[in-house]
Amino acid sequence: MKILVTGDRGYIGTVMVPYLLQRGHEVVGLDAEYYSNGSLFAPPEGYIHNLKDVRDVQMDELVGFEAIVHLAALSNDPLGDLNPELTYDINYRATIRLAQLAREAGVPRFLYASSCSLYGAAGDNLLDESAPMRPLTCYAESKVRSEDALSKLADRDFAPVYLRNATAYGASPRLRLDIVLNNLMGWAVTTGRVRITSDGTPWRPMAHVEDIAQAFACVLQAPLDVISNQAFNVGTNNQNYQVRELASFVQETVGHCNIEYANQTGPDPRNYRVDFSKLARMLPTFSPVWSARTGARELFDAYRTAGMTTEDFHGRRFTRLKQLRFLLEDRQVDGTLRWVGQPRLPITA
Ligand SMILES: NC(=O)c1ccc[n+]([C@@H]2O[C@H](COP(=O)([O-])OP(=O)(O)OC[C@H]3O[C@@H](n4cnc5c(N)ncnc54)[C@H](O)[C@@H]3O)[C@@H](O)[C@H]2O)c1
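Only a predicted model underlies this, so the values are computations on that prediction, with no experimental measurement involved.

### Observations concerning the state of the cysteines
Phase 1 of the analysis: By the definition in use, this model includes zero disulfides.
Phase 2 of the analysis: Free of any disulfide, Cys116 has its nearest neighbouring cysteine sulfur in Cys218, separated by 17 Å.

Quick look at the structure:
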């Protein structure tokens, strides 16, 4: 299948692309490359990837694709702090524009990277896809609005699918340290302590980045009538964890490190447990292989191999908000996050 992957140079994209290539798909990537200065290890090569803003895509560039995997976004909750309008512009308006163009261009499948964070603060109840959406941030709100608008475009020839990903973890060339397990392991490796900002009790549904890639691959292969205009929680029922449990996996992997609780309520008081049964039931070929415990081991090995430093951990290399702030302050991008002149990318990226 010929697939356009937007956001192919990000955390999930750099794992998704080789996963799809290995399964015989033809992949073309499209990314603004905001984070190409920071690689934990070499990002994938051997496919066409275009430096382009998703807001600037033209219809003729989409003709001939059999699917779009739409990952490009400002990708975590605190990024909305930068400027909520930017989050709506890139995550919502550009998504709908891309989907409209895809529909006109005759692309039948549109896999949208949504997020379980749209369920918000829901307590201990298990949430399936019919649960109320209670977005707490403009990031989560942008996912709700996008799903809603995409559903209005669905018809016999255009099948949007909403993959509500659990919080990802695991090694990736374009690591993110702003997501919980990756962050806890970063603390442990660089300081010998695991620092939890909350009291450790909030629930988080978790999924390994490679299992997320596998779920997308299953949706690409599924009959259109099974997936069209459907939402799927992406993860597994045995991976709803409390943050303190994730910290204990880090502690048992690293050994000799203390867990510290800051007991703060941050800007994102998410707390929710998610029911992933629909994905398992409707796409029975999906067979996830990771757990947070095996993921912690993988992260530990990857950080040590890469020689992660305290500066890496606290700096902008692997933290999305810090990198975007730097690009803005350094005037490499303008206030709308468009590059001013040629982006300064590493030659190998
Ligand atoms: N990582 C998670 O835990 C998680 C969980 C749920 C949903 N998601 C969703 O999955 C998708 C990918 O997330 P990720 O963790 O890989 O994030 P990421 O920030 O690592 O990657 C996003 C990529 O999109 C690109 N991008 C951003 N704005 C763009 C624009 N205007 N034009 C072109 N490219 C642009 C960035 O350069 C980056 O490479 C996002 O839509 C995110 O909301 C991620």
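### Looking at the sheet that holds strand S5 (residues 109-115)
Phase 1 of the analysis: Read from one edge of the open sheet, seven strands run S3-S2-S1-S4-S5-S7-S11, paired in parallel fashion. In the strand order of this sheet, the two ends are held by strand S3 (48-51) and strand S11 (230-234), each with one partner. Sheet twist, expressed as the average angle between the axes of neighbouring strands with direction ignored, equals 20°.
Phase 2 of the analysis: Pairing of S5 with strand S7 (residues 159-165) involves seven bridges; the strand directions are parallel. Within S7, the position partnered with Phe110 by the bridge is Pro160.

### Notes on the site of the ligand
Phase 1 of the analysis: Taken together, 31 residues lie near the ligand, and Asp31, Val54, Ser75, Tyr139 and Arg176 sit nearest.
Phase 2 of the analysis: One of the backbone N or O atoms of Gly10 is found 3.2 Å from an oxygen atom in the ligand.
Phase 3 of the analysis: Note that an oxygen atom of the ligand is positioned 2.9 Å from one of the side-chain N or O atoms of Lys143.
Phase 4 of the analysis: When the free accessible area of the ligand is taken as 830 Å², the share hidden by the protein chains comes to 98%.
Phase 5 of the analysis: Elements represented by at least two residues in the shell around the ligand include exactly S5, helix H3 (138-151) and strand S8 (167-169).

### Considering the environment of Glu66
Phase 1 of the analysis: Looking at where Glu66 falls in the secondary structure, it is placed in the loop between S3 and strand S4 (67-70).
Phase 2 of the analysis: Each C-alpha atom, one on Glu66 and one on Lys2, is 5.4 Å from the other, the two residues being 64 residues apart in sequence.
Phase 3 of the analysis: Apart from residues no more than four positions distant in its own chain, Glu66 is found in contact with Met1, Lys2, Val107, Pro108 and Arg109.
Phase 4 of the analysis: A distance of 2.7 Å separates a polar side-chain atom of Glu66 from the backbone nitrogen of Lys2.

### Examining unusual backbone geometry
Phase 1 of the analysis: Positive phi, normally seen in glycine, also occurs at Asn229, with a value near 60°.
Phase 2 of the analysis: Its identity as a non-glycine residue notwithstanding, His256 has a phi of 45°, on the positive side.
Phase 3 of the analysis: Position of His256 among the secondary structure elements: in the loop between helix H7 (243-254) and strand S13 (258-261).

### Digging into the packing of helix H4 (residues 180-191) against helix H9 (residues 292-306)
Phase 1 of the analysis: Their axes nearest at 10 Å, the elements H4 and H9 cross at an angle of 50°. In this view, H4 runs oblique relative to H9, as classed from their interaxial angle. Relative to H9, the crossing made by H4 is right-handed. For the pair formed by H4 and H9, the contact residues are Leu181, Asn182, Met185, Gly186 and Val189 on the first element and Ala292, Gly295, Ala296, Leu299, Phe300 and Tyr303 on the second.

### Describing the sheet that holds strand S10 (residues 203-208)
Phase 1 of the analysis: The mixed open sheet is built from three strands, whose spatial order is S8-S10-S12. Across the chains shown, the open sheet's two edge strands, defined by having one partner strand only, are S8 and strand S12 (240-242). Geometrically, the sheet is characterised by an average inter-axis angle of 50° between neighbouring strands, direction not taken into account.
Phase 2 of the analysis: Here S10 pairs with S12 via three bridges, running antiparallel. Bridge pairing in S12 places Trp203 opposite Gln242.

Each value, and the rule that gives it
Along every chain, residues carry numbers that run from 1 in the direction the sequence is written. Selection of residues for local features in this predicted model requires a pLDDT of at least 70, selection of side-chain atom pairs for listing and counting requires 80 or more, and totals for whole chains, interfaces and linings are taken over all residues. To get the side-chain values, all heavy atoms of the structure are used, and hydrogens and water are removed first. Cysteine sulfur atoms are paired as a disulfide whenever they come within 2.5 Å of each other. Whether two strands pair comes down to DSSP finding at least two bridges between them. A run of H or I in DSSP becomes a helix once it reaches four residues, and a run of E becomes a strand once it reaches two; helices and strands are each numbered from the N terminus. In this analysis an axis means a line fitted to C-alpha atoms, helices contributing only their contacting stretch, and an angle means the value between N-to-C directions, from 0 to 180 degrees. Whether a residue is near a molecule or strand depends on its heavy atoms: if one lies within 4 Å, it is near. What qualifies as a polar contact is a pair of N or O atoms within 3.5 Å, subject to a donor-acceptor requirement within protein and to the restriction that residues adjacent in sequence count only when both atoms come from side chains. Per-residue and other accessible areas were derived by the Shrake-Rupley procedure at a 1.4 Å probe size, with only the shown protein chains allowed to occlude residues. When checking whether two residues touch, look at their non-hydrogen atoms; a contact exists if any pair is within 4.5 Å. These descriptions rest on fixed angle ranges, namely under 35 degrees for roughly parallel, over 145 for roughly antiparallel, 65 to 115 for roughly perpendicular, and the rest for oblique. Rotating anticlockwise by less than a right angle from the far helix to the near helix defines a left-handed crossing, while the corresponding clockwise rotation defines a right-handed one.

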